[in-house]
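Here is how the chains run, residue by residue.
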Amino acid sequence: MAKRSSGLTGNQLKILACAAMFGDHAAKALQISGVPYFLLSRVLGRIAFPLFAFLLVEGFLHTKNRARYLFRLLLFALLSEIPFNLVIFKNLLHPEYQNTLWTLLLGLLLLICLERIESVREMRASLSWFLRILLIAGFSFGAWIFHADYSYRGIFCIAVFYLLRSVRPRSIAAFWASIGLNIPAINNPGAFFSMLPLHFYNGERGKLRLKYFFYLFYPLHLLLLLLLQQLNSLPFKM
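Residues numbered from 1 in each chain as written. Predicted model: local features only at pLDDT ≥ 70, side-chain atom pairs only at ≥ 80, totals over all residues. Heavy atoms only, no water.

J.: Describe unusual backbone geometry, and please don't skip the residues or the numbers.
T.: Most peptide bonds take the trans configuration, and most residues that are not glycine carry a negative phi. Here the amide bond leading from R168 into P169 is cis, since omega sits at -5°, within 30 degrees of zero. Within the secondary structure, P169 sits in the loop between α7 (151-163) and α8 (171-181). Following I183, the chain continues into P184 via a peptide bond in cis, with omega recorded as 5°. Turning to its location among the elements, P184 is positioned in the loop between α8 and α9 (195-199). (Helix = DSSP H or I, 4+ residues; strand = E, 2+ residues; numbered from the N terminus.)

J.: I'd like to hear about the packing of aromatic side chains, residue by residue, with values.
T.: The description of an aromatic ring pair uses the distance of the two centres, along with the angle that the planes make with each other. Under the counting rule described, the total for this entry stands at 17 aromatic pairs. Geometrically, the ring pair formed by F84 and Y97 is stacked, given 6.3 Å between the ring centres and 20° between the ring planes. Taken together, the residues span a long stretch of sequence, with F84 in helix α4 (residues 66-89) and Y97 in the loop between α4 and α5 (100-118) at a distance of 13 residues. A relative accessible area of 2% places F84 in the buried class. Consider the rings of F175 and W176, whose centres lie 5.2 Å apart with planes at 80°: the pair is edge-to-face. Its relative accessible area of 46% is what places W176 among the partly exposed residues. Its end group placed over the ring of F60, R66 keeps NZ or CZ at 3.8 Å from the ring centre. The ring of W129 carries the charged tip of R132 above its face, separated from the ring centre by 4.0 Å. (Phe/Tyr/Trp six-rings, centres within 6.5 Å; stacked < 30°, edge-to-face > 60°. Buried < 20%, exposed > 50% of the residue type's maximum accessible area, 1.4 Å probe, protein only. Lys NZ or Arg CZ within 6 Å of the ring centre and 35° of its normal.)

Listed below in structure tokens is the structure:
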């Protein structure tokens, strides 16, 4: 009988990230205030993005079809944009801010470019690093111009997890990624709590096939929050 590995699987990290994100969005959508808002959104909610950034890198390194990976992110980013706008901003359109899937999509494009540079073995190390830094800066600027969630900080976070993918324990990469999410001011202190689950990540996917779990969860949790918003606005309570 095979011995079961200890630690957290990729599936468990994914579920934890989704729960943290739901708490963050629920606090905003239902207009929770005070200490509960701070705990749900600014602390626990900020665990989500570092975990999603890490899982994006893991998915990139293990996927058999990069084009299909890009297409899924693009499709669900488009499907989620209007529900995201309605829940967070109460508007059908909100060009000033785009949902998290757009940030992950830009991050995935960045990873493809970084890998292409690393594959050129004849390139001098100094030139290779210069091009990588240039790419990260370019995609960060793109995320800022596009008003993607977490802006340039999100791209930096994804890049850190990729560049430090061989460093153990993984909490080291999580620490530097969280530093990036708190530049220039400490606006996302909860990101540092992502160090704990990533420290215990065992490198396994998990028994269940949750390949599409996050893609479906993202728009569906927004639709659920939209429904709760409407019920909460009724003149009478159920």
